[in-house]
Amino acid sequence: MAHLTPVRLLSVVGVSATLVLVSGCSSPEPAAESLDFSFSYPSTDNSPYEALANRYMEANPDVEVTLNPVPSENYDTVLNTQLQAGNASDLIMAVPGSGSPIALLSLADADLLAPVEGSSEDLIPEASAALFVTGDQTWGVPTDISITGTIFNSSAGVDYPQDTSELLATCKSLAADNVALFALAGSIPINTGLAAISMAAPRVYAENPDWDAQRDAGDVSFADTPGWRDTFQLGLDMQAAGCFQPGAEGSGFDSIVTGLGQGTALGAFIPGGAATDLAAGMGDQKLVVESFPAPDDGDPFIFASSDYALAIPKASTGQSGAQAFLDWFAEPENAEAYAQSAGTIPITGIDGVDLSDSTYSPVADLIDSEQFVPFPVTVWTNQNVFLTLGSGVQALLTGQQTVDGLLEELDTVWDEQ
């Protein structure tokens, strides 16, 4: 994803400076309490975590929240290092399940998290409880509901392709004018992994929404699933057709922001919520979320789930303050305010949400007709699968891996869990 981890997949662009947010209160007296918060997000200036922290400090003027943003390509490593050393922030961004290096259940299994309690537990959708809870202990709370496909500049005067034939034809036409349909951070496995999963949505999951559970049971495999083979071959076909920017296989996250900002790329493989943040720096350009083009004889499909979580490190000395923050976040008006600033859907529920005039308008019908499943990495039980997927797609693009080799490698890694 990403993760992108899948984490914020999953994220598009890293930030490295530490930002200390102070309350809007004019009193010169220092806050009685402090709370550190680590996260990864495309931009510090427009981060919904910043908006959330400011909102919390306005409601609690005796608390100072210090935000510690970390570049997304380094977030997994940095967070795990800090957790192992016992010096992580009081509150951290993580992801549900076990499928990534910063997944809640993996961190809990390593005895690195403190259980959360109180009203914040009520935020967890019943259907997703297994991604947050083991036994009678809850290890984190979801922040929102994310919709993941691709993002696309709908103001560019180009029709978004609806199927594979249109996709490759559009790429060739745009490439002739030195424009890429998609900017790809090909040197960053979390982005190549997210790209592959997005491409697999209408090729694997539209055909078999239960594929993940069946793979876990050993009833299917990557190698015997035509949709996964088609996905990886399509990646190579897209590279040949000029769908990605020149040198994409060696590019970083900056190529996405630069490409979209300068109009040399029209879309990208990033979580839908990031579209709001990126569009803020693009003037009157409009970024929307699209489902990746389906096979010529197939149906569109999308991912929608709780992909991000907040958790409390076991070694934190500010656990009570972090828990108070989570209980405050559980109040519907605060969860909804966060989702609004993040460009996502409130964790309070997707039913009845009007997407017709939003970033998600192109996929509103898919949500209404339930043509979606949770983002796969949140339910995969082996974090090495996504890492292998991302690095494998990267190797495909550089000619160091084959489609057959990647399919076999993914099955081998999955079965090692």
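Conventions used here
Residues numbered from 1 in each chain as written. Predicted model: local features only at pLDDT ≥ 70, side-chain atom pairs only at ≥ 80, totals over all residues. Heavy atoms only, no water. Salt bridge = Lys/Arg side-chain N within 4 Å of Asp/Glu carboxyl O. Helix = DSSP H or I, 4+ residues; strand = E, 2+ residues; numbered from the N terminus. Buried < 20%, exposed > 50% of the residue type's maximum accessible area, 1.4 Å probe, protein only. Disulfide = S-S within 2.5 Å. Pairing = 2+ DSSP bridges. Contact = heavy atoms within 4.5 Å. Axes fitted to C-alpha atoms, helices over the stretch in contact; angles between N-to-C directions.

**Some remarks on the pattern of salt bridges**
Thought 1: Scanning all chains against the criterion turns up four salt bridges.
Thought 2: When the shortest N-O distance is used, the salt bridge between Arg215 and Asp415 registers 3.0 Å. Of this pair, Arg215 sits in helix α6 (residues 211-216) while Asp415 sits in helix α14 (residues 403-415), placing them 200 residues apart in sequence.
Thought 3: Take Arg215: its relative accessible area is 3%, and that puts it in the buried class.
Thought 4: Arg229 is the salt-bridge partner of Asp404, the closest N and O atoms lying 2.3 Å from each other. Separated by 175 residues along the polypeptide, Asp404 in helix α14 and Arg229 in helix α7 (residues 226-241) bring together distant segments of the chain.

**Looking at the state of the cysteines**
Thought 1: Applying the stated criterion across every chain yields a total of one disulfide.
Thought 2: The partner cysteine of Cys171 in its disulfide is Cys243, sulfur to sulfur 2.0 Å. When the S-S torsion is 110 degrees, as for the bridge of Cys171 with Cys243, the disulfide is right-handed. Placement of Cys171 in helix α4 (residues 164-175) and of Cys243 in the loop between α7 and α8 (254-262) is noted, with a sequence separation of 72 residues between them. Neither residue differs from the other here; Cys171 and Cys243 are each classed as buried.

**Here we look at the sheet that holds strand β9 (residues 144-148)**
Thought 1: Spatially, the four strands line up as an open sheet ordered β16-β9-β14-β17, and their pairing is mixed. Among the strands making up the open sheet, the edge pair consists of β16 (345-346) and β17 (372-373).
Thought 2: As defined by bridge partners, β9 adjoins strand β14 (residues 302-305) across three bridges and the pair is classed as antiparallel. Among the inter-strand pairings, Ser146 is bridged to a residue of β14, identified as Ser305.
Thought 3: Against the sheet, helix α5 (residues 189-205) contacts β9, β14 and β17, and its axis sits at roughly 110 degrees relative to β14.

**Section: the pairing of strand β4 (residues 91-94)**
Thought 1: Residues of β4 alternate between two faces, with Leu91 and Met93 on one and Ile92 and Ala94 on the opposite face, all of them buried.
Thought 2: Sheet analysis places strand β2 (residues 33-39) next to β4, joined by two bridges and oriented parallel. Opposite Phe37, over in β4, you have Leu91 as the bridge partner.
Thought 3: Summarising the sheet, β4 and strand β15 (residues 309-313) pair through three bridges and their orientation is antiparallel. Looking at the pairing, Met93 lines up with Leu310 of β15.

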